[in-house]
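Each chain is listed here by its residues.
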Amino acid sequence: MFIDLRSDTVTKPTEGMRKAIYQAEVGDDCFGEDPVVRALEEYCADYFQKEAALFTTGGTLSNQLAMKSLTNPGDEIFLDASYHINFYEAAATSAFSGVNFSLSRHDSGLFDVSDLEKLYASKCRWNQNYAMPRVVVVENTLGCKGGAIFPLQQMNDVFGYAKSIGAYRYLDGARILHASIASSIDVTSYTENADLMAMCLSKGLGAPVGSIMVGSTELIQRAKKYRKWFGGDLHQGGMMAAAGLYAMQHHVERLAEDHEHAALLHRLLGELDDAPAHYKGTNMVTLDISSLGMSPLQFGSYLSQQGVAGLPYNAREMRFMPHINITRTDIQKAAEIIKAAVREHTPAREAIK
Ligand SMILES: *Cc1c(COP(=O)(O)O)cnc(C)c1O
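The rules behind the values
- Residues numbered from 1 in each chain as written.
- Predicted model: local features only at pLDDT ≥ 70, side-chain atom pairs only at ≥ 80, totals over all residues.
- Heavy atoms only, no water.
- Pairing = 2+ DSSP bridges.
- Helix = DSSP H or I, 4+ residues; strand = E, 2+ residues; numbered from the N terminus.
- Contact = heavy atoms within 4.5 Å.
- Axes fitted to C-alpha atoms, helices over the stretch in contact; angles between N-to-C directions.
- Buried < 20%, exposed > 50% of the residue type's maximum accessible area, 1.4 Å probe, protein only.
- Arc of directions from axis to C-beta.
- Core = buried A, V, L, I, M, F, W, Y, C linked by side-chain atoms within 4.5 Å.
- Phe/Tyr/Trp six-rings, centres within 6.5 Å; stacked < 30°, edge-to-face > 60°.

Visitor: Account for the sheet that holds strand β10 (residues 285-288), naming residues and giving values.
Guide: Here we have 4 strands laid out as an open sheet, ordered β9-β10-β13-β12, and antiparallel in their pairing. Two strands in the sheet have a free side with no partner beyond their single neighbour: β9 (277-279) and β12 (311-312). Two strands pair when backbone bridges link them, and β12 and strand β13 (residues 317-320) are joined in this way by 2 bridges, in the antiparallel orientation. In the sheet register, P312 faces β13, and the bridge partner there is M318. Across the face of the sheet, helix α13 (residues 296-306) comes into contact with β12 and β13 while running at roughly 45° to β13.

Set out below in structure tokens:
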């Protein structure tokens, strides 16, 4: 059996979720008449204690709608280079919103107020004729940094700074529920100071498609207009929203299981001296294979021939992510296969003279 640990986006809908999709009553959401889309948006607005919510097809669309809604052409956005908006979304933000990025570059992906002060000071800001930072983005958890949690206090500090310079606060919370569950802090503590926040329904929560944005009625209305511009309106969207609503009602607590599975995988891989494994407390494990003399791409393709798929994550590391379709037994089997693959490729040490 093949064990796919590339990402928490590879999940297949559960029986209960498929039933919810099958039974969804639908209407035309462009007339505001899809009862399940409305129910999902109301549920999430209430869940995150915001005025309004918007269902979109995915996290990338939510991010682009947010950047478009919060800026005017010529504005500037502060974020870390490792964030999804910069790292994975091509140059979409410059193309759609006509803005530029000022990037912090931290090994951890975390920045603090002093980093933002440096970004501010890096250009002329004498008056409104110069580029003004209009948005500060925080990503939580950090998708390119092993799923690390952006600590709550630090996040609120940088959001406080954002407010002091007149910038909007955007939280790319694709996996914000993971941060909340792993830290045992109520999710609304993470989201309360964000003007807009987007979360993925199709990652650990296991829905086949979808993202939800939350914020004030005014900002969500702006994002809704741009969703139309971008062709993101869905007529009988309830077929998809039903999966998202089911996920919100049934799959949130179970994220803790993915965290446990990741911790277990980390423990089992910890026996490898030549390939250190890292775990940041949520649902990702990374394995540094740089001493093996092969690239993560090469290692990944060998590993999938052995029955386990991981993601070539960067120049040194593979990433493995447990998810809703992965059992404890899968994790144990995967660990055996990964360990064997590492040992297979460990260069022989020079004999001790
Ligand atoms: C996955 C992810 C996205 C994009 O979501 P898609 O639904 O794949 O478009 C955005 N931001 C972060 C932090 C993510 O992990």
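Alright, that's what it looks like, and here's the rest.
Visitor: Tell me about α13, and please be specific about residues and values.
Guide: Taken together, the buried positions of α13 are P296, F299, G300 and L303. Projected down its long axis, α13 shows its buried positions confined to an angular sector of 100°, all on one face. Among the exposed residues of α13, those oriented more than 90 degrees off its buried face are L297 and Q305. Residues of α13 that are buried make contact with β11 (308-309), β12, β13 and α14 (328-345). A positive backbone phi angle near 110° is found at G307, which sits one or two residues after α13.

Visitor: How would you explain the nonpolar core if you had to name every residue and give the values?
Guide: Formed by 73 residues in total, the largest nonpolar core has its most connected members in Y170 and M199. Sort the elements by how many residues they give to this core and helix α11 (residues 238-250) lands first, with 7 residues. When near neighbours in sequence (up to four residues on either side) are disregarded, M199 contacts F48, G173, A174, I176, L177, L205, S211, I212 and M248.

Visitor: How would you summarise the packing of aromatic side chains if you had to cite specific residues and measurements?
Guide: Aromatic rings considered in pairs are described by the distance between their centres and by the relative angle of their planes. One pass over the full model with this rule turns up 8 aromatic pairs. Ring centres of Y47 and F48 lie 5.1 Å apart, and the angle between their planes is 70°; this geometry places the pair in the edge-to-face category. Judged by its relative accessible area of 26%, Y47 falls in the partly exposed class. With 4.8 Å between their ring centres and 90° between their planes, Y226 and W229 make a pair best called edge-to-face. A residue pair is termed a helical-turn pair when its members lie 3 or 4 positions apart in one helix, as Y226 and W229 do in helix α10 (residues 217-229) at 3 residues.

Visitor: Describe the sheet that holds strand β3 (residues 76-80), naming the residues involved and giving the relevant values.
Guide: Strand pairing in a sheet takes place through backbone hydrogen bonds and is either antiparallel or parallel in direction. The 7 strands lie next to each other as β2-β8-β7-β6-β5-β3-β4, forming an open sheet whose pairing is mixed. With partners counted over all chains shown, the strands left at the sheet margins are β2 (52-56) and β4 (100-104), one partner each. Put simply, the sheet's adjacent strands are angled 20° from each other on average, direction ignored. As judged from the 3 bridges shared by strand β6 (residues 168-172) and strand β7 (residues 196-200), these two strands associate in the parallel manner.

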